[in-house]
Amino acid sequence: MSAASSLLTEDRFLCSICLDVFTDPVSTPCGHNFCKTCLIKNWSINYRCRCPMCKEVFTTKPDLKVNTLLSEMVSQFRQSAQQKASSSSSEQQVSKPGEVPCDVCTGTRLKALKSCLVCLVSYCQTHLEPHLTASGLKRHQLIDPVENLEDRMCLEHDKPLELFCRTDQMCVCTHCPALDHKMHEVVPLKGESEEKKAELGKTEVEVHQMIQKRRLKIQEIKQSIKLSKENAHMEVAEGVRVFTSLKESVERGLNELIDGIQKSQRTTQKQADIFIKELEQEIFELKKRGSELEQLSQSEDHVHLLQSFPSLKDVPPTKDWTEVSTRPSSYEGTVVRALVQLEETLSNKMKKLYAESKLRRVQQYAVDVTLDADTAHPELLLSDDGKTVSHGNRKKNLPDNPDRFSHYNFVLGSQSFSSGRFYFEVQVRRKTKWNLGVARESINRKGEVKMSPDEGYWSLWLRNGHEYRALADPSVSLSLASRPQKVGVFVDYEEGLVSFYDVDAAALIFSFTGCCFTEKLLPFFSPGRNDGGRNSAPLIISPVSQTI
């Protein structure tokens with residue numbers, strides 16, 4: 001039974017005249033089968049009776065009788081096909097709005113699987129079967145389902161659009177070049193479609209790149225806003241601390257300070273929201289265009305591709321975001337401006353609060369610094385934890401690696417910095433000599449050098465227990481109100497700023513400004529020579545704690 005069923009394929013029951021399943025099949029003397037009506041009509045047109053298949057001529061018109069065996073087999077096939085179609089229809093999707101429906105379905109129209117450019121008909125899976133099995137229909141050109149198949153035909157010559165006129169930029173049929181497009185550059189439709197598809201691919205890549213750039217710009221703006229919020233929070237907290245210490249007399253000033261900071265933040269946030277909204281809208285439009293390009297690039301419908309190409313070949317117009325950025329709001333000096341408005345009697349206290357505020361602000365950028373033993377001069381003694389250094393009088397037998405200082409009693413920190421801000425503190429109590437600061441990674445470590453920014457050093461030194469100098473070019477003598485016991489070093493890489501603080505006095509000692517950093521910076525230390533015990537105290541890298 002299964003073997004018999006396997007023979008019931010549709011191509012065995014197709015009439016070669018109408019290309020449809022037999023209706024009242026009859027057989028000719030030569031053994032070929034046709035629909036009775038089709039064969040009679042064929043013989044009525046031709047003056048001789050001959051087989052449409054093998055062309056055998058019959059001298060006497062055959063007496064056509066329905067082939068009962070074949071008719072029964074056709075009937076069984078129709079029933080089987082109807083059951084299969086019913087089962088297949090239940091599995092197939094019903095055509096939804098925007099989808100191409102099957103042109104053959106009656107009643108509930110299923111979603112079309114393919115469109116035939118010869119028949120100009122769209123077929124669901126069931127009704128497509130003859131085009132997949134019948135030898136006469138297999139030669140028809142099938143494409144992904146599309147609407148308005150008549151648009152694939154030349155309106156003037158009623159022929160399929162198979163060529164493309166580059167001169168007029170339009171699809172034409174095979175008759176057009178000889179009539180309406182003489183002397184024009186006409187090429188096969190498929191070749192032109194492939195070229196345009198390649199061009200669309202480049203545009204699609206460009207669209208995706210533009211989307212990625214805008215996503216990165218959104219991240220940049222969001223990160224900027226995050227930093228702005230952090231700065232605003234820190235400044236508000238500092239304002240609360242300062243003005244609370246001044247109690248009720250500065251209550252109004254505190255409110256004005258907070259209001260000003262929050263207003264600035266709201267302005268920054270509002271601008272950022274506008275930028276983000278614009279970017280997200282552009283991403284939406286670019287995604288939409290990208291989806292259209294992807295669908296068009298994958299389409300086998302050359303006519304649709306070429307007709308849609310002019311409107312899709314270029315990326316949508318967008319804003320140039322290259323120079324657009326949202327910088328974090330700066331609140332430097334906000335507290336000072338508020339304090340200046342207070343009564344003259346509070347002037348001294350305000351100055352003290354300001355100095356503490358500055359120090360507290362830079363202390364927010366504290367980093368953990370340790371000494372790099374591979375850079376230490378052989379006469380220096382380093383603690384096991386890398387936090388203490390002193391001069392040991394005797395030169396140790398150490399390998400003279402390229403990083404080690406061989407002439408001066410210097411040592412560098414293990415940590416390097418090439419961006420942002422950082423701060424560390426060093427205890428200098430009971431010392432008569434020391435050098436502190438930061439240095440470029442590429443400084444000369446083997447010979448004599450001049451301690452200046454041009455040579456890669458930004459540092460302070462102490463000599464004779466009371467002579468303080470900033471080693472600029474030329475060096476600057478410093479007059480300090482008190483002798484620092486702990487020195488804080490702050491660097492803002494992007495701003496080109498190196499500042500030194502007396503931590504206990506919460507006072508700024510000196511600042512190098514307008515510096516141009518182009519490579520890594522490392523913390524720099526020199527405890528000075530022991531001097532017979534007069535300068536035996538070590539330099540100690542101290543943990544940073546907030547000043548009161």
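Just so you know, the residues in each chain are numbered from 1, in the order the chain's sequence is written. Restriction of local features to residues with pLDDT of at least 70 applies here, the model being predicted, together with a cutoff of 80 or more for giving and counting side-chain atom pairs; totals for whole chains, interfaces and linings are based on all residues. Excluding hydrogens and water, the side-chain values take into account all heavy atoms of the structure.

Participant: Please set out the overall build of the protein residue by residue, giving values where relevant.
Facilitator: Per the convention used, a helix needs a DSSP run of H or I reaching at least four residues, while a strand needs a run of E reaching at least two, with both numbered from the N terminus. Helices and strands together make up the secondary structure of the protein, namely ten helices and 23 strands. The reference for a compact globule is 2.2 Å times residues^0.38; the radius of gyration itself is calculated from the C-alpha atoms. Taking 548 residues into account, the globule formula puts the C-alpha radius of gyration at 24 Å, and the protein, at 45 Å, lies well above it. Principal axes of the C-alpha set define a box for the protein whose edges measure 140 × 65 × 60 Å. Relative accessible area decides the class of each residue, using a 1.4 Å probe on protein chains only: under 20% of the type maximum gives buried, over 50% gives exposed, and in between gives partly exposed. Classification of the 548 residues of the protein by burial places 42% in the buried group. For the area figures, the Shrake-Rupley method with a 1.4 Å probe applies, and any residue is considered shielded solely by the protein chains shown. When the accessible surface of the protein is summed, it comes to about 30,800 Å², and 50% of that surface belongs to carbon and sulfur atoms. Neither His nor the chain termini are counted; the positive set is Lys and Arg, and the negative set is Asp and Glu. By convention, the charge on Lys lies at NZ, on Arg at CZ, on Asp at CG and on Glu at CD. Taking the average place of the 72 positive charges on the side chains of the protein and the average place of its 73 negative ones, the gap between the two points comes to 3 Å.

Participant: Would you mind going over the sheet that holds strand E17 (residues 467-470) in detail, with residue names and values included?
Facilitator: Two strands pair under a simple rule: DSSP has to find at least two bridges between them. Spatially, E13-E22-E15-E16-E17-E18 is the arrangement adopted by the six strands of the open sheet, whose pairing is antiparallel. Where the open sheet ends on each side, the last strands, each with one partner, are strand E13 (411-412) and strand E18 (476-478). Examined bridge by bridge, strand E15 (residues 434-440) and strand E22 (residues 521-526) share six bridges and lie antiparallel to one another. Bridge assignment links Val 438 to a residue of E22, and that residue is Pro 523.

Participant: Quick one: what's the story with the pattern of salt bridges, residue by residue and with numbers?
Facilitator: Here, a salt bridge means any Lys or Arg side-chain nitrogen found within 4 Å of an Asp or Glu carboxyl oxygen. The full count for this structure, using the stated rule, is 22 salt bridges. Between Arg 166 and Glu 195 there is a salt bridge, with the nearest N and O atoms lying 3.1 Å from each other. Of this pair, Arg 166 sits in the loop between strand E8 (163-165) and strand E9 (170-172) while Glu 195 sits in helix H6 (residues 189-245), and the two are 29 residues apart along the sequence. When its relative accessible area of 25% is taken as the criterion, Arg 166 is described as partly exposed. Asp 531 is the salt-bridge partner of Lys 433, the closest N and O atoms lying 3.0 Å from each other. Placement of Lys 433 in the loop between strand E14 (421-427) and E15 and of Asp 531 in the loop between E22 and strand E23 (539-542) is noted, with a sequence separation of 98 residues between them. Bridged by salt links that share partners, the residues Arg 166, Glu 185, Glu 192, Glu 195 and Lys 196 form one connected network.

Participant: Tell me about the pairing of strand E12 (residues 388-391), residues and numbers included.
Facilitator: Of the pairings in the sheet, the one linking strand E11 (residues 380-382) to E12 comprises three bridges and is antiparallel in character. What sits directly across from Leu 382, in E12, is Val 389. Hairpin remark: E11 followed by E12, antiparallel, with five residues in the connecting loop; positive phi at Gly 386, about 70°. By the bridge criterion, two bridges tie E12 to E23 in an arrangement that is antiparallel. Within the sheet, the bridge partner assigned to Thr 388 lies in E23 and is Ile 540.

Participant: Break down helix H4 (residues 125-133) for me, with residues and values.
Facilitator: Buried residues of H4: Leu 128, Pro 130 and His 131, and no others. Looking down the long axis of H4, one finds its buried residues gathered within 140° of arc, a one-sided arrangement. Tucked into the core, H4 has its buried residues touching strand E5 (114-116), strand E6 (121-123) and strand E7 (142-143). Think of the arc as the fan of directions from the helix axis to the C-beta atoms. The criterion used for residue contact is that any of the two residues' heavy atoms lie within 4.5 Å.

Participant: Tell me what's going on with the packing of H6 against helix H8 (residues 302-312), and back it up with residues and numbers.
Facilitator: The relative placement of two packed helices comes down to the angle between their axes together with the axis-to-axis distance. At their nearest, the axes of H6 and H8 sit 10 Å apart, and the two run at 40° to each other. The orientation of H6 relative to H8 falls into the category oblique. Crossing handedness for the pair H6 and H8: left-handed. Residues Leu 189, Lys 190, Glu 192, Ser 193, Lys 196, Lys 197, Glu 199, Leu 200 and Thr 203 of H6 lie in contact with H8, whose contacting residues are His 302, Val 303, Leu 305, Leu 306, Phe 309 and Leu 312. Each residue gets one of three labels, nonpolar for Ala, Val, Leu, Ile, Met, Phe, Trp, Tyr, Cys and Pro, charged for Asp, Glu, Lys and Arg, and polar for the others, Gly among them. For the contact of H6 with H8, a count of residues per class yields seven nonpolar, three polar and five charged. All axes here are fitted lines through C-alpha atoms, helices being fitted over the stretch that makes contact, and every angle between N-to-C directions spans 0 to 180 degrees. Oblique is the label for any angle not under 35 degrees, not over 145, and not in the 65 to 115 range, which are roughly parallel, roughly antiparallel and roughly perpendicular in turn. In this scheme, a crossing is called left-handed if the near helix is turned counterclockwise away from the far one by less than a right angle; it is called right-handed if the turn is clockwise.

Participant: Explain the environment of Val 57 to me, using residue names and the numbers behind them.
Facilitator: Relative to the assigned elements, Val 57 resides in strand E4 (residues 57-58). Residue contacts for Val 57: discarding those within four places in its chain leaves Arg 48, Cys 49 and Arg 50.

Participant: How would you sum up unusual backbone geometry? Please name residues and give values.
Facilitator: For the bond from Asp 473 to Pro 474, the omega torsion is 5°, close enough to zero to count as cis. Within the fold, Pro 474 resides in the loop between E17 and E18. Of note, the phi angle at Asp 531 is positive, near 55°, even though the residue is not glycine. Overall, Asp 531 belongs to the partly exposed group, its relative accessible area being 22%.

Participant: An account of the pairing of E15 is needed here, citing residue identities and associated values.
Facilitator: When a strand is regular, its side chains alternate between the sheet's two faces. The element E15 is extensively covered by neighbouring structure, given that six of its seven residues are classed as buried. Alignment of E15 against strand E16 (residues 457-463), held across six bridges, turns out to be antiparallel. Its bridge partner lying in E16, Ala 439 is registered against Tyr 457.

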